[in-house]
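Summary of structural features
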Amino acid sequence: MKKVVLIFSGGLDSVCTAAYLKSKYELYGVTFSYGQKAKQEIKIAKHFAKSLKLREHKIANIEFMRELYSKTNALTNSKIQIPEKFDYTIVVPIRNAVFLSIASAWAFAIGATLVAYGAHRGDKHYPDCRPEFSKKIEKAFNSGEIDGIRSGLRKKITIWSPYTIGFSKSDLLKIGYRKLGDKIFDTWSCYSNEKIHCGKCESCNNRRLAFSNAGIKDKTVYGFS
């Protein structure tokens, strides 16, 4: 079976993406600790790595990124309030480029042919979620390993996301729910550092909307309704 390296946050999108790919690929997941407030997502990622029987799961500690982002980002800076609606302060500068670089390095090392992340059609506000970005960075990474690919020591990779096939968050959620059932409510979406979903941040609001659009009763426990 072919291998996929999956950026695996423990969130709704990455878990549903893993569930979607599981029947076709051996799953290798990498979760990033980049200085985010939402530390709970790392714990949840470990839980789902076992539940989905990932072949291997790594936690990549890149906490130093928080200092690089300085005062510009609401997801890493404790002094910036997390917004309830989209605001550019929640766009972590080229976060997916950093994540994909590390995931692709692992993919080249283990002979994986696919690198996947959970970007979907609803992520239109995030430039590094768009298919045109993933295609360009895919081309760059393969160019960077072209001699190894030509010699047969490396395998060419494809960078894939649900966005590339037009899936919305609710489309992805329906697939995940069909495969995982009520386990899907154990995923973590919240941007805050709480033990339960705050229910009011932009990501919690998107989560609630996705369940509504998918026609699935949302059993997530929220701190605010």
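This structure is a prediction, so every number in the text was calculated from the model and none was measured.

Conventions we followed
Residues numbered from 1 in each chain as written. Predicted model: local features only at pLDDT ≥ 70, side-chain atom pairs only at ≥ 80, totals over all residues. Heavy atoms only, no water. Helix = DSSP H or I, 4+ residues; strand = E, 2+ residues; numbered from the N terminus. Buried < 20%, exposed > 50% of the residue type's maximum accessible area, 1.4 Å probe, protein only. Lys, Arg positive; Asp, Glu negative; His and termini not counted. Salt bridge = Lys/Arg side-chain N within 4 Å of Asp/Glu carboxyl O. Contact = heavy atoms within 4.5 Å. Phe/Tyr/Trp six-rings, centres within 6.5 Å; stacked < 30°, edge-to-face > 60°. Lys NZ or Arg CZ within 6 Å of the ring centre and 35° of its normal. Expected span 1.5 Å × (residues − 1).

Quick notes on the side chain of Asp-123
Tracing the sequence through the fold places Asp-123 in the loop between strand E4 (114–116) and helix H5 (131–144). Put simply, Asp-123 is tucked away with no salt bridge, and the nearest opposite charge, on Lys-169, sits 6.2 Å away. In contact with Asp-123, other than residues within four places in its own chain, are Gly-118, Cys-129 and Tyr-163.

A word on the packing of aromatic side chains
One pass over the full model with this rule turns up nine aromatic pairs. Here the aromatic rings of Phe-86 and Tyr-126 are separated by 5.6 Å at their centres, their planes lie at 85°, and the arrangement is edge-to-face. With Phe-86 in the loop between helix H3 (65–69) and helix H4 (95–110) and Tyr-126 in the loop between E4 and H5, the pair connects residues that are 40 residues apart, well separated along the chain. One aromatic cluster is present, built from ring pairs that chain together Tyr-20, Trp-160 and Phe-167. We note Arg-208 situated over the ring of Tyr-222; from NZ or CZ to the ring centre the distance is 4.7 Å.

Describing helix H1 (residues 12–21)
With nine of 10 residues buried, H1 lies mostly within the body of the structure. The complete set of buried residues in H1 reads Leu-12, Asp-13, Ser-14, Val-15, Cys-16, Thr-17, Ala-18, Ala-19 and Leu-21.

Describing helix H2 (residues 40–51)
Between the first and last C-alpha of H2 there are 17 Å, a value that for 12 residues agrees with the 16 Å anticipated at 1.5 Å per step. Inspection of H2 places Gln-40, Glu-41, Ile-42, Ile-44, Ala-45, Phe-48 and Ala-49 among the buried residues, and these make up the whole buried set. On its buried face, H2 is in contact with H1, strand E2 (25–33) and strand E3 (56–61).

That is the geometry; function is a separate question.
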